[in-house]
Amino acid sequence: MKQLQCIRGCVIQSVKLGSIEIHKDALIKFDVETGKILEFIHDASARPIDPDAEEIIHLKPLEFIVPGFIDTHIHAPQYAFMGTATDRPLMEWLDKYTFPVEQSFEDLTVATKGYSAVIERALSEGITTAMYFATIHIEASELFADLLEKYGQRGFVGMVSMDRNSPQEYHHSTAKCLELAERLIHYIQSKKSQIVLPVLTPRFIPTCTPELLEGLGQLAQQYDVHVQSHIAESHDEEAFVEQLHPGSRDCELFDKAGLLTRKTCMAHGVHLNSDELQLIQSRGSALAHCPLSNFFFANGVLPLSDILEKKVKVGLGTDVAGGYNISMLSAMRTTVLAHKARLIYEKASCTNTMDIDYKTAFWLATLGGARALELEDKIGSFAIGKSFDALVIDPTAQIDIFPRDTLDDVFQKFINLGDSRNMKSVW
């Protein structure tokens, strides 16, 4: 007999870009063992509670449920120096801060402490799914997969592939990169886990030879696995690519290698041109919008409204540690601010472009992220058959609520003022 559980109260989700649904008295029934949603009753007062449910959780007044947040781009080992190291352009930043810290994860004691810390913190921030960059180390990456399974966070483990333009002790030969990438795929797939998946992770064009990219593209096709990297992120990165491959750009090189697929999520994309965006859209690939780190490293603002209008899949990323905050609420707020900054800079108005507000940002952090990671059938909303990845929010934990506030006002206050203290429980 199935173990069933019901949770009753206010449910808020976004199933359409730019809008939210608020169900004041809803009921969600799910299978405790599988986590699958069996029923979503929008108006619980209209029908009796299922007597077969073993437990019924009633939310308190003003509490509400939202889908778990989805971080489409985060560097797990860099959590160790999050909040520092924002004083150098991208290429210098890698050499001075990133590579030395990531190299230290060869020590499994360091890796265990670092990866446990980032998973615990991410879950406390309501991040139920994350696409992670790890390091070049196979044992540490396998350990990371084990830890995700232990903590119950849905996650993609991306062991970084690099065969050039990185410290001598922090890269592999092309053949070794491909061997280790395939080994990690086998290791994770052998788990038959419902929540932990491998993702092929060429760091970016400057650190990956065409031969490595081509080999990873073949693995992506052979095993039908996800792909992540950085694309058209900054001026210094693009200049380096031009130096290495005169006349070619990131998008062309990734596509030539077979790395732009329906399961590809590329970070940043700030400097993609219209033809490149069309190519990404036609391949079914996605972008991880990382608004906070873009302010520090990208030399520009992602034209998000234009990209969404082109029907390119987009999710949100914290981009720790280029982004100094692991909070997806912060990513949502910065998404709106980045859009406003672009409008000011370009002297445009919301009358001739798609507006980006808190509702759009929330969609990007939930269902938009699920689409970007090709998980729309599993997470991102409370549709029947999906997993009950959810957050119970108590807005009163550290936000002042007044009698004049509507439910929409309360939700907006949570998006703009909330933090982990408001997350009563994470499912």
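Nothing here was measured: the structure is a model prediction, and the numbers come from that model.

Q: Whenever I open this one, the overall build of the protein chain confuses me. Can you help?
A: Along its length, the protein chain carries 14 helices and 16 strands. Its C-alpha atoms give the protein chain a radius of gyration of 21 Å, near enough to 22 Å, the size a compact globule of 427 residues would have. Expressed as lengths along the three principal axes of its C-alpha atoms, the size of the protein chain is roughly 65 × 55 × 40 Å. In the protein chain, buried positions account for 58% of the 427 residues. In the protein chain, once contacts between residues fewer than 6 apart in sequence are set aside, the share between residues at least 24 apart is 73%. For the protein chain, the computed accessible surface area is about 16,900 Å², with 52% contributed by carbon and sulfur atoms. Each charge class in the protein chain can be summarised by its mean position, and for the 40 positive and 57 negative side chains these summaries are 4 Å apart.

Q: Even after reading the chapter, I still don't get the nonpolar core, so can you show me in this structure?
A: Looking at soluble globular proteins, one finds that nonpolar side chains tend to be buried together. Of all hydrophobic cores here, the largest spans 122 residues; its most connected members are Phe69, Tyr132 and Met332. The element contributing the most residues to this core is helix α3 (residues 138-151), with seven residues. Counting residues in each nonpolar core, the second largest holds 13 residues, with Ile28, Phe30, Leu59 and Ala390 among its members.

Q: Would you mind showing me how to read the environment of Tyr345 here?
A: With respect to the element layout, Tyr345 can be found in helix α11 (residues 328-345). Separated by 221 residues in the primary sequence, Tyr345 and Ser124 place their C-alpha atoms 36 Å from one another.

Q: Before we go on, may I ask you to explain the layout of surface pockets in this structure?
A: Here the idea is plain: a probe the size of a water molecule rolls over the atoms and shows the empty space left. In this structure, the largest pocket spans a volume of roughly 430 Å³. Looking at the largest pocket, it is lined by 21 residues, and the ones nearest its centre are Gly35, Arg154, Ile195, Phe388 and Asp389. In the lining of the largest pocket, the residues fall into eight nonpolar, seven polar and six charged. If you add up the space inside the second largest pocket, you get close to 300 Å³.

Q: Where do I start with unusual backbone geometry in this structure?
A: Glycine aside, the phi torsion of most residues is negative, and most peptide linkages are trans. With an omega of 10°, the peptide bond running from Val320 to Ala321 counts as cis. By the secondary structure assignment, Ala321 is in the loop between β14 (313-316) and α11. Phi at Lys192 takes a positive value of approximately 55°, unusual for a residue other than glycine. Relative to the elements of secondary structure, Lys192 occurs in the loop between α4 (174-191) and β10 (196-202). According to the relative accessible area criterion, Lys192 is exposed, its value standing at 69%. One non-glycine residue, His268, adopts positive backbone phi at about 80°. Structurally, the position occupied by His268 is in strand β12 (residues 264-268).

Q: Quick question: what am I supposed to make of the pairing of strand β1 (residues 4-16) here?
A: On any regular strand, side chains alternate: one points to one face of the sheet, the next to the other face. With respect to burial, β1 is a largely interior element, eleven of its 13 residues being buried. By the bridge criterion, ten bridges tie β1 to strand β2 (residues 19-31) in an arrangement that is antiparallel. Its bridge partner lying in β2, Gln5 is registered against Phe30. In textbook terms, the turn of a hairpin is the stretch between consecutive antiparallel strands, and for β1 and β2 this stretch comprises two residues, one of which, Gly18, has a positive phi near 90°. Across four bridges, the pairing between β1 and strand β4 (residues 55-58) is parallel. Each residue of the ladder has a partner; that of Ile7, found in β4, is Ile57. Across two bridges, the pairing between β1 and strand β5 (residues 64-67) is parallel. Its bridge partner being in β5, Val11 is matched across the sheet by Ile65.

Q: Would you mind showing me how to read the packing of aromatic side chains here?
A: Ring pairs (aromatic) are described by centroid distance and by the angle formed between their planes. If you walk through the whole model with that rule in mind, you get 18 aromatic pairs. Seen from their ring centres, Trp93 and Phe297 are 5.1 Å apart, and the 50° between their planes marks the pair as tilted. Of the two residues, Trp93 sits in helix α1 (residues 90-103) while Phe297 sits in helix α9 (residues 291-297), which places them 204 residues apart along the sequence. Exposure remark for Phe297: the relative accessible area of 3% places this residue in the buried category. Their ring planes at 35° and their centres at 5.8 Å tell us that Phe382 and Phe388 sit as a pair that is tilted. Taken as a pair, Phe382 and Phe388 share a single burial class, namely buried. By the ring-pair criterion, three or more aromatic residues cluster together here, those being Phe81, Trp93, Tyr97, Phe296, Phe297 and Tyr324.

Q: Any chance you could explain the pattern of salt bridges here in plain terms?
A: A side chain with one charge can pair with a side chain of the opposite charge if their charged atoms come near. Scanning the entire structure with this criterion turns up 28 salt bridges. Here Arg183 ties to Glu142 by a salt bridge, and the two come within 3.0 Å at their closest N and O atoms. Of this pair, Arg183 sits in helix α4 while Glu142 sits in helix α3, placing them 41 residues apart in sequence. When the shortest N-O distance is used, the salt bridge between Asp224 and Lys263 registers 3.3 Å.

Quick notes on the rules
- Residues numbered from 1 in each chain as written.
- Predicted model: local features only at pLDDT ≥ 70, side-chain atom pairs only at ≥ 80, totals over all residues.
- Heavy atoms only, no water.
- Helix = DSSP H or I, 4+ residues; strand = E, 2+ residues; numbered from the N terminus.
- Rg over C-alpha atoms; globule rule 2.2 N^0.38 Å.
- Buried < 20%, exposed > 50% of the residue type's maximum accessible area, 1.4 Å probe, protein only.
- Contact = heavy atoms within 4.5 Å.
- Areas by Shrake-Rupley, 256 points an atom, 1.4 Å probe, with all protein chains shown as cover.
- Lys, Arg positive; Asp, Glu negative; His and termini not counted.
- Charge placed at Lys NZ, Arg CZ, Asp CG, Glu CD.
- Core = buried A, V, L, I, M, F, W, Y, C linked by side-chain atoms within 4.5 Å.
- 1 Å grid on protein atoms, 1.4 Å probe; cavity = no way out; pocket = protein on both sides within 12 Å on 5 of 7 lines; lining within 4 Å.
- Points joined across faces, edges and corners; volume = space filled by probe spheres on them.
- Nonpolar A, V, L, I, M, F, W, Y, C, P; charged D, E, K, R; others polar.
- Pairing = 2+ DSSP bridges.
- Phe/Tyr/Trp six-rings, centres within 6.5 Å; stacked < 30°, edge-to-face > 60°.
- Salt bridge = Lys/Arg side-chain N within 4 Å of Asp/Glu carboxyl O.

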